[in-house]
Amino acid sequence: MMWLSWRQFRVQALTGAVALAVIVAYLVYLGTDVREGYAVFQANCHGVADCAQAKAQFRATYENTLLFLAAGLALVPAVLGTFWGAPLIARELEGNTHTLAWNQSVTRPRWLLTKVLVVGLAAMLLTGVAGAMLTWAAAPFDEVVKNQFSTFVFGARYLAPIGYAALAFTLGTLAGLLLRRTLPAMALTLVGFIAFQFFFANVVRPSLVPAEHATLPMTAEAINEAQNLGSITGGSVINGVRIPAAPDAWIAETSPLRTPDGRTIDGGKFGACINNPPKTGASGTFGDAAVCLAKYNLHVDVSYQPTSRYWTFQVLETVVYLALSGVLLAFSLVRIRRRVMS
């Protein structure tokens, strides 16, 4: 049975091996280039001002490329689940070729389990190797930028891609088993997995470990260190703030700007500071607007995760994905045992 599953899968395996070889070759080239850039960064980092400029140049050189690769790696499990997982059983059911296997001594659950193990482990191996190579290539950049909790970056490093591949593949297999049609199963797998990824990263991941909490005074200096101020709807919000005691922490949630009594600053006052602040000649990202808002003694309440918990999140998320994969596989085995398919 193992040999038959391999023969049926050999074309996909060869295609995947060629694609992986191309990915690895490019990431070796990129990783070498990133390390050369890192050496230049270290050579130019002599003082605070010099280091800031060297860091900005180093980041600008590689950030877009690495983010693009991280987003691409996030699609690899979805593609494998769609093109390897969904047709695995659906194509057999459509062509009625499954009946030949079921008339042999191999039971239906064993038939399904063998096919899932052969192809599923290959999907996990391909994704895991690609993720490991991207992790290696980006290591000097990650050390300097320290943005490892970013949604795309987190999902493209270390263990997480392996869990994603397992879930995407078992989801595709179950979709093919239930729908019994290849194209609908492929569509459901692609859309369903991407939707789940978005849900997990934005809703579940921040709650995997209870967050720490802090109140940050929004001085003019603190406001100028933020990334965004205000929103398209005119909300009194600030994003990208830093925690002085934990500057590299993952800030999971930031409250609106609040006055000393805990209330959100009046929208009119906030809008006046943003759109027409008194001219003070202040410098910085937000200049006069930061000085204007600082006069109201504002603060924000933040929920954050220290960087020391990074591996805790990696392990927990991978375990959750593998556990969900196991549940989907178990359901598939029960389903194929109990239902007679013609």
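Residues numbered from 1 in each chain as written. Predicted model: local features only at pLDDT ≥ 70, side-chain atom pairs only at ≥ 80, totals over all residues. Heavy atoms only, no water.

## Topic: the UniProt feature "transmembrane region" (unreviewed entry) in the protein chain
Counted only if it meets this: UniProt positions are given in the numbering used here, feature names are shortened, and annotations may be inferred rather than shown by experiment. The secondary structure listing takes helices from DSSP runs of H or I that are at least 4 residues long and strands from runs of E that are at least 2 residues long, numbered from the N terminus.
The UniProt record marks residues 12–31, 66–90, 111–138, 158–179, 186–204 and 318–336 with the feature "transmembrane region" (unreviewed entry), using the residue numbering of this structure. The span residues 66–90 is 100% helical and 0% strand by assignment, and the distance between its end C-alpha atoms comes to 36 Å.

## Let's talk about the environment of Y38
Put simply, the rule reads: Relative accessible area decides the class of each residue, using a 1.4 Å probe on protein chains only: under 20% of the type maximum gives buried, over 50% gives exposed, and in between gives partly exposed. Two residues form a contact once any of their heavy atoms are found within 4.5 Å. Pairs of N or O atoms within 3.5 Å make up the polar contacts considered here, provided that, within protein, one atom can donate a hydrogen while the other can accept it, and that residues adjacent in sequence are counted only when both atoms are side-chain atoms.
For Y38, the position within the fold is in helix α1 (residues 2–44). Judged by relative accessible area, which is 15%, Y38 ranks as buried. Residues Y38 and T264, spaced 226 residues apart in sequence, show a C-alpha to C-alpha distance of 43 Å. Ignoring anything within four residues of it in the chain, the contact list for Y38 reads F58, P140, E143 and V144. Only 3.1 Å separates the side chain of Y38 from the side chain of E143, close enough to count as a polar contact.

## A word on empty space enclosed by the protein
Definition in use: Grid points spaced at 1 Å over the protein atoms alone were grouped into cavities, where a 1.4 Å probe fits but cannot get out, and pockets, open sets with protein on both sides within 12 Å along at least five of seven lines, with lining residues defined by an atom within 4 Å of a point. Grid points are joined across faces, edges and corners, and a volume is the space filled by probe spheres set on the points.
In total, this model carries 1 cavity of 30 Å³ or more according to the counting rule given. Estimates place the volume of the largest cavity at around 90 Å³. Lining the largest cavity are E63, L66, L67, F141, D142, V145, N147, Q148, V153 and R157. Sorting the residues of the lining of the largest cavity by element identifies α2 (48–95) and α4 (108–145) as the ones contributing at least two each.

## Notes on the state of the cysteines
Covalently bonding the sulfur atom of one cysteine to the sulfur atom of another cysteine gives a disulfide. What counts, and what does not: Disulfide: a pair of cysteine sulfur atoms within 2.5 Å of each other.
Under the criterion given, the structure shown has 2 disulfides. Each disulfide pairs two cysteine sulfurs, and for C45 the partner residue is C51, the sulfurs being separated by 1.5 Å. Measuring the twist about the S-S bond at about 90°, one finds the C45-C51 disulfide to be right-handed. Across a sulfur-sulfur distance of 1.9 Å, C273 and C292 are joined as a disulfide pair. Around the S-S axis, the bridge from C273 to C292 shows a dihedral of about -60° and counts as left-handed. Here C273, found in helix α9 (residues 267–275), pairs with C292, found in helix α10 (residues 287–294); they are 19 residues apart in sequence, far enough to count as distant. A relative accessible area of 1% places C273 in the buried class.

## A closer look at the packing of α9 against α10
Rules: To get an axis, a line is fitted to the C-alpha atoms, and for a helix only the part in contact is used. The angle between two axes follows their N-to-C directions and goes from 0 to 180 degrees. Reported orientations rely on four angle classes, namely roughly parallel under 35 degrees, roughly antiparallel over 145, roughly perpendicular from 65 to 115, and oblique for the rest. Residue type decides the class: Asp, Glu, Lys and Arg count as charged, Ala, Val, Leu, Ile, Met, Phe, Trp, Tyr, Cys and Pro as nonpolar, and the leftover types, Gly among them, as polar.
Interhelical geometry of α9 versus α10 gives an angle of 150° and a closest axis separation of 7 Å. Here α10 runs roughly antiparallel to α9, going by the angle between their axes. Contact residues: α9 offers F270, C273 and I274, while α10 offers A289, C292 and L293. The residue inventory of the contact of α9 with α10, partitioned by class, reads 6 nonpolar, no polar and no charged.

## Concerning the packing of α4 against helix α6 (residues 160–179)
Which entries qualify depends on this criterion: Left-handed describes a crossing whose near helix is turned anticlockwise from the far helix by less than a right angle; the clockwise case is right-handed.
It is the contact of α4 with α6, at a shortest axis distance of 8 Å, that shows an interaxial angle of 145°. Judged by the sense of rotation from one axis to the other, the crossing of α4 with α6 is right-handed. On α6, the residues touching L112, V116, V119, G120, A123, M124, T127, G128 and G131 of α4 are P161, I162, A165, A166, F169 and T173. Across the contact of α4 with α6, the residue classes tally to 10 nonpolar, 5 polar and no charged.

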